[in-house]
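Okay, here's what each chain looks like letter by letter:
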Amino acid sequence: MPDSPDGGILRLSLPLSAESVGVLLDRLEAWAETHEIPMTVASRMNLVAEEIAANVVMHAAGATFFAVTAARAGDEIWLAVEDDGPAYDPLSRAEPDTDAALEDRDPGGLGVMLVRRLCATARYERTAEGRNRLECTLAAGA
Amino acid sequence: MEITETTEGGQKIAVLDGRLDTATAAATEAKLTEMLASGGVIADLSAVRYVSSAGLRVLLKAAKQAKSGGHGFSVVGLQPAVREVFEISGFDKIIPAFATRAEAVAGAG
């Protein structure tokens, strides 16, 4: 997908790698700065985008890319992440026990929990084109 | 991510500068593992404005490694966005966090 630097919408498609997640964060940070999005909000948006993208990079066997679209609409930030891996709804994952003692804490599931807590809305769909699509909204005000 | 090693009050300090994310987790983990092999570590996160779950995993591993080795592991200078992530994930209950290095050194002693 082409970039749209002046249209206010960020569109980005990247190959699957840990480095791509770094590129995604650099681009989102620059986009947030251009659109004067408060730092705390930008940080939450980055986190949500990274967690979804990282999930694809680490776990989606057979996926070849992930694509991120970000837009600001009034007092909301709208974010969508798509990938061409096997059907998987990350929101179906159980939450970790955040009251467990250090020895018993399991690092799994933290990313999805952060997505759930930081987004106002989050919705998964398997698209007609055979892609996983996670669509989220975040409050744009600090 | 840049990691500088220093000492304060006889305690090893890992000064982290940058994002602790999917792209930087592996290098950060390697450095902390190496430092923790020979004693306790205080991770100064004053210049870390962003930690994702990949970063949390690194800190959890470090805390577990320290505990099993009978050493201390604490963090210093959590920025607001990082503190929010710590609180949501319950890490504020399992990794000691201090406002300053001096307080962390006193806590480790």
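What you see is a predicted model; the values in this text were computed from it and never measured. (Residues numbered from 1 in each chain as written. Chains lettered and ligands numbered in written order. Predicted model: local features only at pLDDT ≥ 70, side-chain atom pairs only at ≥ 80, totals over all residues. Heavy atoms only, no water.)

Asks: Could you clarify how one ought to interpret the overall build of chain A in this entry?
Replies: Across its full length, chain A holds three helices and five strands. Along chain A, helices (α) and strands (β) appear in the sequence β-α-α-β-β-α-β-β when read from the amino end. For 142 residues, the compact-globule formula gives about 14 Å, and the C-alpha radius of gyration of chain A, at 15 Å, lands near that figure. When the backbone C-alpha atoms are referred to their principal axes, chain A occupies close to 50 × 35 × 25 Å. Here chain A holds 142 residues, and the buried ones make up 50% of them. Long-range pairs, those at least 24 residues apart, make up 61% of the contacts in chain A with a sequence separation of at least 6. About 6,700 Å² of surface is accessible on chain A, with carbon and sulfur atoms providing 52% of the total. Across chain A, the mean location of the 12 positive side-chain charges is 4 Å away from that of the 24 negative side-chain charges. (Helix = DSSP H or I, 4+ residues; strand = E, 2+ residues; numbered from the N terminus. Rg over C-alpha atoms; globule rule 2.2 N^0.38 Å. Buried < 20%, exposed > 50% of the residue type's maximum accessible area, 1.4 Å probe, protein only. Contact = heavy atoms within 4.5 Å. Areas by Shrake-Rupley, 256 points an atom, 1.4 Å probe, with all protein chains shown as cover. Lys, Arg positive; Asp, Glu negative; His and termini not counted. Charge placed at Lys NZ, Arg CZ, Asp CG, Glu CD.)

Asks: Help me understand the nonpolar core, please; the structure alone is not making it clear to me.
Replies: Nonpolar side chains in soluble globular proteins tend to end up buried together. Within the largest apolar cluster, 71 residues are counted, with the highest numbers of intra-cluster contacts made by Leu24 and Val48 of chain A together with Phe73, Phe86 and Ile95 of chain B. Per-element accounting of this core gives the leading share, ten residues, to helix α2 (residues 39–59) of chain A. Beyond its immediate stretch of four places on either side in the chain, Ile95 of chain B contacts Leu59, Leu60, Ala63, Phe73, Ser74, Val75 and Phe86 of chain B. Counting five residues, the second largest nonpolar core, distinct from the first, contains Ile13, Ile42, Val76 and Val105 of chain B. (Core = buried A, V, L, I, M, F, W, Y, C linked by side-chain atoms within 4.5 Å.)

Asks: Could you clarify how one ought to interpret the sheet that holds strand β3 (residues 41–51) of chain B in this entry?
Replies: Each strand in a sheet pairs with another by means of backbone hydrogen bonds, the pair being arranged parallel or else antiparallel. All names here are of chain B. Sheet architecture is open: five strands sit in the order β1-β2-β3-β4-β5, paired in mixed fashion. Each edge of the sheet is formed by a strand with only one pairing partner; in this case those strands are β1 (2–8) and β5 (97–98). The pairing of strand β4 (residues 73–76) with β5 spans two bridges and is parallel. Each residue of the ladder has a partner; that of Val76, found in β5, is Phe98. Strands β1, β2 (11–20), β3 and β4 of the sheet are contacted by helix α1 (residues 25–36), whose axis makes an angle of about 180° with β2. The sheet contacts of helix α2 (residues 53–68) involve β2, β3 and β4, and relative to β4 the element is tilted by about 140°. (Pairing = 2+ DSSP bridges. Axes fitted to C-alpha atoms, helices over the stretch in contact; angles between N-to-C directions.)

Asks: Teacher, can you tell me more about helix α1 (residues 18–34) of chain A here?
Replies: What sets the pattern is the α-helix's 3.6 residues per turn: residues three or four places apart point alike. In this model, α1 of chain A (17 residues) spans 25 Å end to end at C-alpha, consistent with the 24 Å of a helix rising 1.5 Å per residue. All buried positions along α1 of chain A are accounted for by Ser20, Val21, Gly22, Leu24, Leu25, Leu28, Trp31 and Ala32 of chain A. Check the buried side of α1 of chain A and you find it contacts β1 (10–15), α2 and β2 (65–73) of chain A together with β2 and β3 of chain B. Immediately beyond the C-terminal end of α1 of chain A, within one or two residues, lies Glu36 of chain A, with a positive phi of roughly 50°. (Expected span 1.5 Å × (residues − 1).)

Asks: I keep staring at the side chain of Ser89 of chain B and nothing clicks. Help me out?
Replies: As for its position among the elements, Ser89 of chain B is in helix α3 (residues 80–89). Beyond its immediate chain neighbours, meaning those up to four positions away, Ser89 of chain B contacts Thr98, Arg105, Leu110 and Met113 of chain A together with Leu56 of chain B.

Asks: Help me out: how do you make sense of the interface of chain A and chain B in this one?
Replies: Interfaces are frequently sized by the accessible area removed from exposure as the parts join. Listed as interface residues are 29 residues of chain A and, on the opposing side, 25 residues of chain B. Interface of chain A and chain B: buried area, both sides summed, is about 2,300 Å²; carbon and sulfur atoms make up 60% of it. Seen at the junction of chain A and chain B, the total is six salt bridges. Its salt-bridge partner being Lys93 of chain B, residue Asp99 of chain A comes within 2.5 Å of it at the nearest N-O pair. At the junction of chain A with chain B, the criterion picks out 16 residue pairs in polar contact (both at pLDDT 80 or more). (Buried area = accessible area lost by both parts, 1.4 Å probe. Salt bridge = Lys/Arg side-chain N within 4 Å of Asp/Glu carboxyl O. Polar contact = N/O pair within 3.5 Å; in protein donor to acceptor, adjacent residues only side chain to side chain.)

Asks: I tried to follow the confidence of the model for chain A on my own but got confused; where do I start?
Replies: Residues and elements named next belong to chain A. Averaged over every residue, the pLDDT of chain A is 89; residues scoring 70 or more account for 94%. Here α2 is the element of chain A with the lowest mean pLDDT, 91, and strand β4 (residues 121–126) is the one with the highest, 96. In the predicted structure, residues 1–6 sits below a pLDDT of 50 and forms nine contacts with residues beyond four places in sequence or in another chain. (pLDDT = per-residue confidence, 0-100.)

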